[in-house]
Amino acid sequence: MIEFWKTFLQTQGATIDGGAVLHYGDPAAERTAAADGTIVADLSQLGVIALRGEDTAVFLQGQLTNDVRGLHVDTAQWSGYCNPKGRLLGNFLAWRQGEDYCLQLSGDILPSLLKRLSMFILRSKVQGRDASDESVRLVVAGPQAPDAVRTAMGTIPEAAMHTVTTESGTIVRVGDDKFVLSIVPERAPEVWQALRASATPVGAPVWDWLRLSAGIPMIVAATQEQFVPQMLNLEIIGGVSFQKGCYPGQEIVARSQYLGRIKRRMFLAHLDDAAAPGDQLYSADIEGQATGTIVNAAPAPGGGYDVLAVAQVDSAANQVLRLKAADGAALTLRPLPYAVPDQ
């Protein structure tokens, strides 16, 4: 987190730990505000890998799951990065900002992914760097988000997964009522104050809840190399292209898509106990073995936790999924905001 920005947020009432805003004094009220109001959250807990150079598009085309040729100066993409076995090392929100191709991801996996990407640059005219502290990134979400962002930034993209760049920074519209802002640091305080006129500041856990409620997963260190993209519904949200050329794990990802049914899928669920990414799930039909894994978890406005969980499709349909043990807390499945073919 940029030091001056950390100090500024603390003057706004933020409690910060490890580079992440935990809350602004009343976490329960923040969760309530997120459920039916408009919120603004700092995204310093996330990292940004920036790549530039004349070969960048070609290089990323051979590394990521999405078609980078379609990532124009005014568009954004969801995408993933797999190992040779087709398991996700990380996933991103990608956009272009000036000369850079920006990949926003969980901050705890940025060093390892940047190192791995750099290994494959070889003689390509590409430079990659950790650009996390080169901008202030905020997310604005809720019914008043379009008006709030328009007031603070001067304009907004007209459609989801499009971007607009202004003197204050780049606006990425990730949904009808959700915007990620990548702001020039010196302009961040005035943008923040303008947003606060109609948006409630909330901590990172509240944004995590909104994101997972929208069915958008995030790979963290505890879940690296566990899932092929389709297990996380990445192709459903537009994060996988099946028409592009090769990338690490591409044959396995394509085989999963075209040869047979996807046996594991991501579900949205609620449970009364606390959960964390990487926690195992169990069901009565698979004795002694885990049937699934928690992908993301966050405190829910009404109490307990909401989670994204990958599980055997048949087990989720016919059995009660339980956390950490066969007699653990039961998960109550909830509908995702998009259709999943295998569910």
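This text goes with the structure placed above it.
For clarity, every value in this text was computed on a predicted model and none was experimentally measured.

Quick look at the side chain of S168 now. Looking at where S168 falls in the secondary structure, it is placed in the loop between β10 (162-166) and β11 (169-175). Excluding residues within four positions of it along the chain, S168 makes contact with M153, S182, I183, V184, R187 and V191.

On to the packing of helix α1 (residues 3-11) against helix α6 (residues 188-196), then. At a minimum axis separation of 11 Å, α1 and α6 run at an interaxial angle of 30°. Considering the angle they form, α1 stands roughly parallel to α6. The hand of the α1/α6 crossing is right-handed. Contacts between α1 and α6 pair F4, W5, F8 and L9 from the former with A188, P189, W192 and Q193 from the latter.

Within strand β7 (residues 100-106), seven of the seven residues are buried, which leaves the element mostly enclosed by the surrounding structure. Judged from the six bridges that link them, strand β4 (residues 46-52) and β7 form a sheet pairing that is antiparallel. Opposite A50, over in β7, you have C102 as the bridge partner. Here five bridges tie strand β6 (residues 88-97) to β7, and the two strands are oriented antiparallel to one another. The residue of β7 that forms the bridge with Q97 is D100. Once β6 ends, the chain turns through two residues before running back antiparallel as β7, passing G98 with a positive phi of about 65°.

Residues of helix α5 (residues 145-153) that are buried: A145, P146, A148, V149, A152 and M153. Along α5, the residues classed as buried sweep out an arc of 165° about the axis, all on the same side. Its buried side turned inward, α5 meets β9 (136-141), β10, β11, β12 (178-183) and α6. G154 occupies a position one or two residues after α5 and carries a positive phi of about 95°.

Next up on the list: the layout of surface pockets. There is about 580 Å³ of room inside the largest pocket. The wall of the largest pocket is formed by 32 residues, among which Q45, L46, S106, D208 and V220 lie closest to the centre. If you list the elements that add at least two residues to the lining of the largest pocket, you get β2 (20-23), β4, α4 (110-119), α7 (204-213) and β16 (292-299). By residue number, the principal contributor to the lining of the largest pocket is α7, which donates five residues. The class makeup of the residues in the lining of the largest pocket is 16 nonpolar, nine polar and seven charged. Secondary structure elements with two or more residues in the lining of the second largest pocket: β6, β7, β11, β12 and α7. When residues in the lining of the second largest pocket are grouped by element, the largest group, three residues, is from β6. Split by residue class, the lining of the second largest pocket holds 18 nonpolar, three polar and two charged.

Next up on the list: the sheet that holds β4. Taking strand neighbours across the sheet as the criterion, the five strands line up as β5-β6-β7-β4-β8 in an open arrangement whose pairing is antiparallel. In the strand order of this sheet, the two ends are held by β5 (76-82) and β8 (127-130), each with one partner. Put simply, the sheet's adjacent strands are angled 30° from each other on average, direction ignored. Along the sheet, α4 makes contact with β4, β5, β6, β7 and β8, crossing β4 at roughly 15°.

Another aspect to go through is the sheet that holds strand β17 (residues 305-312). The sheet built from six strands is open, its strands ordered β18-β15-β16-β17-β14-β19 with antiparallel pairing. Only two strands of the sheet have a single neighbouring strand rather than two, namely β18 (322-323) and β19 (332-334). When strand β14 (residues 264-271) meets β19, the two strands line up antiparallel, connected through three bridges. Each bridged residue has a counterpart across the sheet, and for H270 the counterpart in β19 is T332.

This brings us to the pattern of salt bridges. Scanning the entire structure with this criterion turns up 12 salt bridges. Across the pair R129 and E134 runs a salt bridge whose closest N-O atoms are separated by 2.9 Å. A residue is classified by how much of its surface remains accessible, and R129, at 24% relative accessible area, is partly exposed. Overall, the relative accessible area of 42% leaves E134 in the partly exposed class.

Counting 71 residues, the largest nonpolar core has I49, L93, L103, L113 and L232 as the members making the most contacts within it. When residues in this core are grouped by element, the largest group, six residues, is from β6. Not counting the four nearest positions on each side in its chain, L93 is found in contact with A76, Q77, W78, C102, L103, Q104, M161, V172, V174 and V180.

Parameters and conventions
Residues numbered from 1 in each chain as written. Predicted model: local features only at pLDDT ≥ 70, side-chain atom pairs only at ≥ 80, totals over all residues. Heavy atoms only, no water. Helix = DSSP H or I, 4+ residues; strand = E, 2+ residues; numbered from the N terminus. Contact = heavy atoms within 4.5 Å. Axes fitted to C-alpha atoms, helices over the stretch in contact; angles between N-to-C directions. Parallel < 35°, antiparallel > 145°, perpendicular 65-115°, else oblique. Left-handed = near helix turned anticlockwise from the far one by under 90°. Buried < 20%, exposed > 50% of the residue type's maximum accessible area, 1.4 Å probe, protein only. Pairing = 2+ DSSP bridges. Arc of directions from axis to C-beta. 1 Å grid on protein atoms, 1.4 Å probe; cavity = no way out; pocket = protein on both sides within 12 Å on 5 of 7 lines; lining within 4 Å. Points joined across faces, edges and corners; volume = space filled by probe spheres on them. Nonpolar A, V, L, I, M, F, W, Y, C, P; charged D, E, K, R; others polar. Salt bridge = Lys/Arg side-chain N within 4 Å of Asp/Glu carboxyl O. Core = buried A, V, L, I, M, F, W, Y, C linked by side-chain atoms within 4.5 Å.

Remember, this is a structural readout, not a statement about activity or role.
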